[in-house]
Amino acid sequence: MDDRDLARLADAQTTPAARWIAGALTPANVVLALMAYLSVKYADSLPAAAAWWLAALVLVVGVPYLILYRALRKGTASDRQVVQRSQRPVLMASAATAVTIALVVLYVAGAPKPLVWLILAMICGLVAMALTTLVWKASMHLAVAAGAVAVLAIENNVAGLVAALFLPLLAWARWRDGRHSMAQLVGGAVIGSVVAGVVYGLLR
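Attention here is on the structure that accompanies the text. Position labels on residues start from 1 in each chain and follow its written sequence. Confidence filtering applies because this is a predicted model: local features only for residues at pLDDT of at least 70, side-chain atom pairs given and counted only at 80 or more, and all residues used for totals across whole chains, interfaces and linings. Side-chain figures throughout are based on the complete set of non-hydrogen atoms in the structure, without hydrogens or water.

**Looking at the overall build of the protein chain**
Step number 1: When you go through the protein chain residue by residue, the secondary structure sums to 10 helices and 0 strands.
Step number 2: All radius of gyration figures rest on C-alpha atoms, and the globule criterion is 2.2 Å times the number of residues raised to 0.38. Whereas a compact globule of 204 residues would reach a radius of gyration of roughly 17 Å, the protein chain reaches 16 Å, a difference of no more than 12%.
Step number 3: Oriented by its inertia axes, the alpha-carbon framework of the protein chain measures out at about 50 × 40 × 30 Å.
Step number 4: Relative accessibility decides the category of a residue: with a 1.4 Å probe and only protein chains considered, values under 20% of the type maximum give buried, values over 50% give exposed, and everything between is partly exposed. In the protein chain, which comprises 204 residues, the share counted as buried stands at 48%.
Step number 5: Contact criterion: two residues are considered in contact whenever any of their non-hydrogen atoms come within 4.5 Å of each other. Of the contacts formed within the protein chain by residues at least 6 apart in sequence, a portion of 77% connects residues at least 24 apart.
Step number 6: Of the roughly 10,100 Å² of accessible surface on the protein chain, a fraction of 70% belongs to carbon and sulfur atoms.
Step number 7: Only four residue types enter the tally: Lys and Arg on the positive side, Asp and Glu on the negative side, with His and both chain ends excluded. Lys charges are placed at NZ, Arg charges at CZ, Asp charges at CG and Glu charges at CD. Placing the 16 positive and 8 negative side-chain charges of the protein chain at their respective mean positions leaves the two points 3 Å apart. Here a helix means four or more residues in a row that DSSP labels H or I, a strand means two or more in a row labelled E, and each is numbered from the N terminus. Per-residue and other accessible areas were derived by the Shrake-Rupley procedure at a 1.4 Å probe size, with only the shown protein chains allowed to occlude residues.

Printed below as a string of structure tokens:
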């Protein structure tokens, strides 16, 4: 499977538009945007919302990226996108552990409940993706983006519908970059939307 993914990447004919779309809609950017929305909507004040968002930025996004950069330095990850499926399970497990710790810290500190629910949904999504990765590679970009759309749709139907329009664009960008097959993109979107939608919906 790694050989097939690497061959697809080598044969890809990317475009500036594809690179820009994929860069703008990275999992980190998508998660940060959704956390900002929930923080502003549910925090007691804008300063409080900013504080919760910054805390989540460091704990939920910053720490997992530090784990990735450490793996890059050690050579256990060959690139930032982690194209090779064989390298993903350990990284995903480490990220899920870090985010679980972040969940506990933010919950104890009294973060807005929807922000905590989102993080729990993220953990469940990470676990689902990690288990899937043991046998098949699915797109993390699409999993995160589709999961975010599902959560946003629960909070605001219109906003969720508008955000969903960006999913085909992101899928095209990742396909054009040679990062995933269409099946991997659809698989990631299904896993992300179902897990996040069910977990967040039940908690809410």
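There's plenty left to go through after this.
**Looking at the environment of Ala-77**
Step number 1: Secondary-structure assignment places Ala-77 in the loop between α4 (46–74) and α5 (88–109).
Step number 2: With 110 residues separating them in the primary sequence, Ala-77 and Gly-187 have C-alpha atoms 23 Å apart.
Step number 3: Apart from residues lying up to four places away in sequence, Ala-77 is in contact with Leu-68, Ala-71, Leu-72, Gln-87 and Leu-91.

**Considering the nonpolar core**
Step number 1: Within the largest apolar cluster, 43 residues are counted, with the highest numbers of intra-cluster contacts made by Leu-34, Met-35, Val-60, Leu-106, Leu-118, Ile-119 and Met-129.
Step number 2: Taken together, the elements giving at least two residues each to this core come down to α3 (27–42), α4, α5, α6 (113–133), α7 (140–155) and α10 (182–203).
Step number 3: Per element, the largest residue contribution to this core is 10 residues, and it comes from α6.
Step number 4: Among residues more than four places away in sequence, those in contact with Ile-119 are Val-60, Val-99, Leu-103 and Leu-106.
Step number 5: In this structure, Leu-142, Val-149, Leu-170 and Leu-185 belong to the second largest nonpolar core, which totals 9 residues. To qualify as a nonpolar core, a set must consist of buried Ala, Val, Leu, Ile, Met, Phe, Trp, Tyr and Cys residues joined through side-chain atoms within 4.5 Å.

**Re the side chain of Arg-85**
Step number 1: Summarising the element assignment, Arg-85 is placed in the loop between α4 and α5.
Step number 2: Residue class for Arg-85 comes out buried when judged on its relative accessible area of 18%.
Step number 3: Here Thr-133 takes part through its backbone oxygen, which lies 2.9 Å from a polar atom of the side chain of Arg-85. For the purposes of these results, a polar contact is taken to be a pair of N or O atoms within 3.5 Å, where, inside protein, one atom must be able to donate a hydrogen and its partner to accept one; residues adjacent in sequence count only when each atom of the pair is a side-chain atom.

**A short note on the layout of surface pockets**
Step number 1: By volume, the largest pocket amounts to about 1,100 Å³.
Step number 2: Forming the walls of the largest pocket are 45 residues, and the residues nearest its centre are Pro-27, Ala-28, Tyr-65, Met-140 and Val-144.
Step number 3: Going through the elements one at a time, α2 (16–24), α3, α4, α5, α6, α7 and α10 are the ones with two or more residues in the lining of the largest pocket.
Step number 4: A per-element tally of the lining of the largest pocket places α7 first, with 7 residues.
Step number 5: Any residue that is not Ala, Val, Leu, Ile, Met, Phe, Trp, Tyr, Cys, Pro, Asp, Glu, Lys or Arg is counted as polar, Gly included; the first ten are nonpolar and the last four charged. The class makeup of the residues in the lining of the largest pocket is 30 nonpolar, 9 polar and 6 charged. Here the term cavity refers to a set of points on a 1 Å grid, laid over the protein atoms alone, in which a 1.4 Å probe fits but cannot get out; the term pocket refers to an open set having protein on both sides within 12 Å along at least five of seven lines, with lining residues being those that place an atom within 4 Å of a point. Grid points are joined across faces, edges and corners, and a volume is the space filled by probe spheres set on the points.

**With respect to helix α9 (residues 166–176)**
Step number 1: Taken together, the buried positions of α9 are occupied by Leu-167, Leu-170, Ala-171, Ala-173 and Arg-174. The buried residues of α9 all sit within an arc of 160° when viewed along its axis, so they share a single face.
Step number 2: With its phi angle positive at about 80°, Gly-178 sits one or two positions after the end of α9. The arc in question is formed by the directions pointing from the helix axis toward the C-beta atoms.

**Some details on the packing of α6 against α7**
Step number 1: The axes are straight lines fitted to the C-alpha atoms, using for helices just the contacting stretch, and the angles between their N-to-C directions are given from 0 to 180°. Running from N to C, α6 and α7 cross one another at 145°; their axes reach a closest spacing of 11 Å. As for how α6 packs across α7, the hand of that crossing is right-handed. Where α6 approaches α7, its residues Pro-114, Leu-118, Leu-126 and Met-129 are matched on the opposing element by Met-140, Ala-143, Val-151 and Glu-155.
Step number 2: Split into classes, the residues belonging to the contact of α6 with α7 amount to 7 nonpolar, no polar and 1 charged. Throughout, a crossing is termed right-handed when the near helix is turned clockwise from the far one, and left-handed when it is turned anticlockwise from it by less than a right angle.

No statement about biological role is implied by the geometric values presented.
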